[in-house]
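Fold and geometry: a report
Each chain, letter by letter, is given below.
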Amino acid sequence: MKKADYNLIAKYYDTVIGAGFETGEYLYKILRKYFKKSDLNSVLELGCGTGENLKAFQKKYDITGIDISSEMIMIAKKKLPRADLSVEDIRKYEFDRKFDLILCLYDTINHITLFSDWKKIFKNTSEHLNANGLFVFDINTIFKLDYFTAISPIVHEFGKNYLIINIDKAGINLYNWNLKMFEKVRSNNYKLIETNIKESSFALIRIKTELEKYFNILKIEDDTGRSIKENSGRVFFICRKK
């Protein structure tokens, strides 16, 4: 995962790709279900991007966020001036404190292309959680990535600009997202911003088996709270530290 991948499109992220209402509502349901008010004081988000998810926590909790993109962190700092935000690699982050809730959302972990690194993240996250702390993350499933590959290109118009996404399978578990952003600069002239972002996904049973070394898995479901199916696209894991 290269730092430059999201630096190029950071200023468009919230408009085109970023956080949505559905995930915010889903997170609130999780908090109400699995936390007493006094049990949640600190939140860490891995791959926090522009800080949109953390905005919901900033008034009540100590919030921390890391992201590999310096441009994303710059935007997040404007939104969250009191948060502890830094440029870090989620594969090897280290803090001298622990957290009640650790989030990793919007298929952030899919950007880590080796399962050996997923294992490191699971282990490290468990070590950074307080007793009974929660780890909540989501993934794009192999089904979803295969589906996107089949229907590519995907064209999205926003304002006077355009985003064209082409997704190709680059290996057994590897997918390449080619993003072409056409930014209107004047009249009929457009500036092209192009980047490639790699994603990987793995069998749910393989992920579950690794998680169970460090966590009690409370729930595996889609973002509506329904049980997963063979054609589930976005799957959430809700895990409590053992």
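Look a little higher up for the structure.
Conventions used here
- Residues numbered from 1 in each chain as written.
- Predicted model: local features only at pLDDT ≥ 70, side-chain atom pairs only at ≥ 80, totals over all residues.
- Heavy atoms only, no water.
- Helix = DSSP H or I, 4+ residues; strand = E, 2+ residues; numbered from the N terminus.
- Expected span 1.5 Å × (residues − 1).
- Buried < 20%, exposed > 50% of the residue type's maximum accessible area, 1.4 Å probe, protein only.
- Phe/Tyr/Trp six-rings, centres within 6.5 Å; stacked < 30°, edge-to-face > 60°.
- Pairing = 2+ DSSP bridges.
- Right-handed = clockwise from strand over helix to strand, strands pointing away.
- Salt bridge = Lys/Arg side-chain N within 4 Å of Asp/Glu carboxyl O.

Regarding helix α5 (residues 115-127)
- With 13 residues, α5 should cover 18 Å at 1.5 Å per step; its first-to-last C-alpha distance of 19 Å lies within 8% of that length.
- Listed in full, the buried residues belonging to α5 are Phe 115, Asp 117, Trp 118, Ile 121, Phe 122, Asn 124, Thr 125 and Ser 126.

Looking at the packing of aromatic side chains
- This model, assessed by the stated rule, comprises 16 aromatic pairs.
- Measuring from ring centre to ring centre gives 5.6 Å for Phe 95 and Phe 99, while their planes differ by 85 degrees; the resulting arrangement is edge-to-face.
- What makes Phe 95 buried here is its relative accessible area of 18%.
- Relative accessible area serves as the criterion here: at 1%, Phe 99 is assigned to the buried category.
- Between Phe 122 and Phe 137 the ring centres are 5.6 Å apart and the planes differ by 40 degrees, which places this aromatic pair in the tilted class. One end of the pair, Phe 122, is in helix α5; the other, Phe 137, is in strand β5 (residues 129-140), with 15 residues separating them in the sequence.

Regarding the pairing of β5
- Buried residues dominate β5, accounting for 9 of its 12 residues.
- By the bridge criterion, 5 bridges tie strand β4 (residues 99-104) to β5 in an arrangement that is parallel. Directly across from Leu 103, in β5, lies its bridge partner Val 136.
- The parallel pair β4 and β5 is bridged by α5, and the resulting crossover is right-handed.

What to know about the pattern of salt bridges
- This model, assessed by the stated rule, comprises 15 salt bridges.
- The closest approach of N and O atoms between Lys 11 and Glu 183, which form a salt bridge, is 3.4 Å. With Lys 11 in the loop between α1 (4-7) and α2 (13-16) and Glu 183 in strand β8 (residues 174-186), the pair connects residues that are 172 residues apart, well separated along the chain.
- In this structure Lys 11 comes out as exposed when scored by relative accessible area, which is 57%.
- For Glu 183, a relative accessible area of 16% gives the class buried.
- Residue Arg 91 is joined to Asp 89 by a salt bridge in which the shortest nitrogen-to-oxygen separation is 2.7 Å.
- Overall, Asp 89 belongs to the buried group, its relative accessible area being 12%.
- Among the charged side chains, a salt-bridge network with shared partners connects Asp 89, Arg 91, Asp 117 and Lys 120.

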